[in-house]
Amino acid sequence: MKKDYSISVIGLGKLGLCAAACFADKGFKVIGVDIDINKINKINKGLSPVAETGLAGLIKKCRNNLKATPDYDLAVLNSSVTFIVVATPSLADGSFSNDYLEKALHKIGESLKKKKSYHLIVITSTVMPQTTETVARFILERASAKKAGRDFGVAYNPEFIALGSVIRDFLNPDFILIGEMNKRDGDILEGIYKKTCENNPRFARMTPLNAEIAKISLNCYITTKITFANSLASICDKVKNADASVITRALGLDSRIGSKYIRPGLGYGGPCFPRDNVAFAAFARKIEARAKLAEMVDEVNRDQALRVVNKIQDILAALHKNKKNAKIGILGLSYKQNTPIIDDSQALAIVQLLANEGYSLTVYDPQAMENARGVLGDTVRYAKNSGDCILGIDLGVIAVPWDEFRKINLKKLDKNVVLLDCWELLKGVKGINIKYLGVGY
Ligand SMILES: NC(=O)c1ccc[n+]([C@@H]2O[C@H](COP(=O)([O-])OP(=O)(O)OC[C@H]3O[C@@H](n4cnc5c(N)ncnc54)[C@H](O)[C@@H]3O)[C@@H](O)[C@H]2O)c1
């Protein structure tokens, strides 16, 4: 197999299109495949059909190296490595669905049948353990009438990126996880990432099964850390003069713990993190084991929005306000900053819980207003900007740490107003009269 690989990417969504554009920008010839013709047309015009930081500029820049098509033959026959990045939505039992993946594998297998040279198929979609070497290998061998390991390779190579910083994360990973069935395939992938990444990352190479378990475990561990900080905060909330963020900052100084993802705030949300503990628990059940910690982390995280709502109600009670006369402004609705995505957003869950209780709410988010409107309807007032959101309020809540909320002018607020700053954006700001509170103190 020649060293100047050309790449095809199946599934040009939030992750796949960013990966395709990054590879193309680093000089690979990339052919992307999707079933969505609108996406294909946009990409071929040099436009981005996906809202992600820096993606529109990158697609314009790498236009000569990136083409999109619905044609699997075109993509597979004109590339030597195929990354599959289709969605693997969660099923009712928490495991990941293989529906899109299996369709893509079948099409790739049919194209492989027409090919003479070795081809590496890389699953980047998040899959349940045991998928690569059983389901994927079987479908590819059956559809291509060829043999894995001899005529083609199958590898698992997931990404650890966060929406809003997909391109930066893709180009600067802490490490690259490669699940390989043989050294040749792992070497090919290592070569591609050495040419693509900007930070000389470490490589963790192992069997596909270990990589599948490692991918889920990593997210389970991070979410456990987040949940630990939030559990601590829920205790500190009830202890006079205790401050969970002071405590977690100290814990983070210990090199065995580290300072990332250990701070009180809202629970984790979005389309990725909430799926992994549930999937891990489903995997454990399948093999007749129990992942009690993963189950508990998910349960505690689900309760986090309610805990914040209880705190809000306690604050309002202390102000002698109730659902009839309290005015609440919620700043932030997306599941995190720098994205319009509201899937499993804890900020949105807080708004919904309060709206269901009958509180009068004004909401604002720099990017997620349209998405939130689809869920919240007319149960809330939509502010024009952050200043408008806190006009005449009794209680303000910073629910998402958008940078622009750091510049909010609080000086005009009445001294009886309370600000619950879930992310400590404005802690220590001088010259404000209002009562300032955080999660965990
Ligand atoms: N988005 C993230 O932050 C993230 C992070 C890590 C891992 N992942 C994983 O990456 C995978 C993709 O996630 P995403 O967020 O990019 O999904 P997405 O829904 O944004 O994109 C999936 C794309 O695949 C296309 N598609 C579906 N079936 C297809 C087929 N048969 N052939 C070609 N294209 C097809 C869809 O049209 C869509 O454009 C998932 O398994 C996800 O768990 C995502």
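Keep in mind the model is a prediction, meaning the values are calculated, not measured.

Cut-offs used in this document
Residues numbered from 1 in each chain as written. Predicted model: local features only at pLDDT ≥ 70, side-chain atom pairs only at ≥ 80, totals over all residues. Heavy atoms only, no water. Near = heavy atom within 4 Å. Polar contact = N/O pair within 3.5 Å; in protein donor to acceptor, adjacent residues only side chain to side chain. Areas by Shrake-Rupley, 256 points an atom, 1.4 Å probe, with all protein chains shown as cover. Nonpolar A, V, L, I, M, F, W, Y, C, P; charged D, E, K, R; others polar. Helix = DSSP H or I, 4+ residues; strand = E, 2+ residues; numbered from the N terminus. Domains from an automatic or database assignment. Contact = heavy atoms within 4.5 Å. Buried area = accessible area lost by both parts, 1.4 Å probe. Salt bridge = Lys/Arg side-chain N within 4 Å of Asp/Glu carboxyl O. Pairing = 2+ DSSP bridges. Axes fitted to C-alpha atoms, helices over the stretch in contact; angles between N-to-C directions. Parallel < 35°, antiparallel > 145°, perpendicular 65-115°, else oblique. Left-handed = near helix turned anticlockwise from the far one by under 90°. Buried < 20%, exposed > 50% of the residue type's maximum accessible area, 1.4 Å probe, protein only. Phe/Tyr/Trp six-rings, centres within 6.5 Å; stacked < 30°, edge-to-face > 60°. Expected span 1.5 Å × (residues − 1). Bend = angle between axes of the 7 residues up to and from the residue. Core = buried A, V, L, I, M, F, W, Y, C linked by side-chain atoms within 4.5 Å.

Asker: Which parts of the structure should I look at to understand the site of the ligand?
Answerer: Surveying the vicinity of the ligand reveals 24 residues, the closest of which are Leu15, Asp34, Lys39, Tyr72 and Thr88. In the model, an oxygen atom of the ligand is placed 2.8 Å from a nitrogen or oxygen of the Leu15 main chain. Within the contact set of the ligand, an oxygen atom lies 2.6 Å away from a side-chain nitrogen or oxygen of Asp34. If the ligand stood free it would expose 830 Å²; the protein chains cover 88% of that surface. Residue composition of the shell around the ligand, by class: 13 nonpolar, five polar and six charged.

Asker: Can you help me understand unusual backbone geometry in this one?
Answerer: Only a minority of non-glycine residues have a phi that is not negative, and only a minority of peptide bonds are not trans. If you check the backbone angles, Gln130 has positive phi at about 85 degrees while not being a glycine. As for its position among the elements, Gln130 is in the loop between β5 (119–123) and α6 (131–144).

Asker: Where do I start with the domain arrangement of the protein in this structure?
Answerer: Put simply, an interface is often sized by how much accessible area is lost when its parts join up. Domain assignment breaks the protein into domain 1 (7–206) and domain 2 (226–437). Centre-to-centre, using C-alpha coordinates, domain 1 lies 35 Å away from domain 2. On the side of domain 2, 13 residues touch domain 1, which itself brings 16 residues to the contact. Roughly 1100 Å² of surface becomes buried between domain 1 and domain 2 when both sides are summed, with 57% attributable to carbon and sulfur atoms. At the junction of domain 1 and domain 2, the tally comes to zero salt bridges.

Asker: Which parts of the structure should I look at to understand the sheet that holds strand β6 (residues 152–156)?
Answerer: As a general point, the strands of a sheet are linked pairwise by backbone hydrogen bonds and lie either parallel or antiparallel. Read from one edge to the other, the open sheet built from eight strands follows the order β3-β2-β1-β4-β5-β6-β7-β8, with strand pairing classed as mixed. Two strands in the sheet have a free side with no partner beyond their single neighbour: β3 (66–69) and β8 (202–206). Across the sheet, the mean angle from the axis of one strand to that of its neighbour is 25 degrees, orientation sign disregarded. Where strand β1 (residues 7–10) meets strand β4 (residues 81–84), four bridges bridge the pair, whose relative direction is parallel.

Asker: Hey, could you run me through the packing of helix α12 (residues 292–318) against helix α13 (residues 346–357) in this one?
Answerer: Two measures define how a pair of helices packs: the angle their axes make with one another and the distance between the axes. Remark: α12 packs on α13, axes separated minimally by 9 Å, with the N-to-C direction vectors making an angle of 50 degrees. On the basis of the axis angle, α12 is oblique to α13. Handedness of the crossing formed by α12 with α13: right-handed. Every residue of α13 that contacts α12 at Asn301, Gln304, Ala305, Leu306, Val308, Val309, Ile312 and Gln313 is listed here: Gln346, Ala349, Ile350, Leu353, Leu354 and Glu357. Residues belonging to the contact of α12 with α13 are distributed by class as follows: nine nonpolar, four polar and one charged.

Asker: Just checking my understanding: could you explain the pairing of strand β12 (residues 395–398) for this structure?
Answerer: If a strand is regular, its side chains alternate between the two faces of the sheet. By the alternation rule, side chains of β12 split into Leu395 and Val397 and Gly396 and Ile398, which are all buried. Taken together, the four bridges between strand β9 (residues 327–331) and β12 define a ladder with parallel strand orientation. Residue pairing in the sheet places Ile328 in a bridge with Leu395 of β12. Alignment of β12 against strand β13 (residues 418–421), held across four bridges, turns out to be parallel. Bridge pairing links Val397 to Leu420 in β13.

Asker: Hey, could you run me through the sheet that holds strand β10 (residues 360–364) in this one?
Answerer: The strand order across the open sheet formed by six strands is β11-β10-β9-β12-β13-β14, and the pairing between neighbours is parallel. Each edge of the open sheet carries a strand with a single partner, namely β11 (381–382) and β14 (435–437). The pairing of β13 with β14 spans three bridges and is parallel. Paired with Val418 across the two strands is Lys435, which belongs to β14. Those strands touched by α12 are β9, β12, β13 and β14, and its axis lies near 165 degrees from that of β13. Sitting on the sheet, α13 is in contact with β9 and β10, with an inclination near 160 degrees to β10.

Asker: Please clarify how the packing of aromatic side chains should be interpreted in this entry.
Answerer: Two aromatic rings are characterised by how far apart their centres lie and by the angle between their planes. In total, this model carries nine aromatic pairs according to the counting rule given. Residues Tyr261 and Phe273 carry aromatic rings whose centres are separated by 6.3 Å and whose planes lie at 75 degrees to one another, so their mutual orientation is edge-to-face. You can see Tyr261 sitting in the loop between α10 (244–252) and α11 (273–286) and its partner Phe273 sitting in helix α11, a full 12 residues away along the chain. You can call Phe273 buried: its relative accessible area is 18%.

Asker: Can you walk me through α6 in this structure?
Answerer: A turn of α-helix holds 3.6 residues, and therefore any two residues three or four places apart point the same way. Taking 1.5 Å per residue, 14 residues should reach 20 Å; α6 reaches 18 Å between its end C-alpha atoms and fits that length. If you look at α6, its biggest bend is around 30 degrees, right at Arg137. Buried residues in α6 make contact with α5 (99–113), β5, β6 and α9 (208–236). Backbone geometry just after α6 places Ala145 at a positive phi near 55 degrees.

Asker: What am I meant to see in the pattern of salt bridges here?
Answerer: Between side chains of opposite charge, pairing is possible as soon as their charged atoms come close. Scanning the model with the defined rule gives 24 salt bridges in all. The network of salt bridges with shared partners includes Glu180, Lys183, Asp187, Glu190, Lys194 and Arg205.

Asker: In this structure, what is going on with the packing of α13 against helix α14 (residues 369–376)? I would like to understand it.
Answerer: Put simply, α13 and α14 touch, their axes get as near as 11 Å, and they point 35 degrees apart. In this structure, the crossing between α13 and α14 has a hand that is right-handed. Two secondary-structure elements touch here, α13 through Leu348, Val351 and Gln352 and α14 through Ala372, Val375 and Leu376.

Asker: Quick question: what am I supposed to make of the nonpolar core here?
Answerer: Across soluble globular proteins, nonpolar side chains show a tendency to be buried alongside one another. Residues Ile312 and Ile328 are the most contacted members of the largest nonpolar core, which totals 60 residues. If we ignore the near neighbours within four places in the chain, the residues touching Ile328 are Ile312, Leu316, Leu354, Tyr359, Ser360, Leu361, Thr362, Ile393, Leu395 and Val397. The next biggest cluster of nonpolar side chains, apart from the first, holds 46 residues, and it includes Leu58, Ile59, Tyr118 and Phe170.

Asker: Help me understand helix α1 (residues 16–25), please; the structure alone is not making it clear to me.
Answerer: With respect to burial, α1 is a largely interior element, nine of its 10 residues being buried. Here α1 has its buried residues at Gly16, Leu17, Cys18, Ala19, Ala20, Ala21, Cys22, Phe23 and Ala24.

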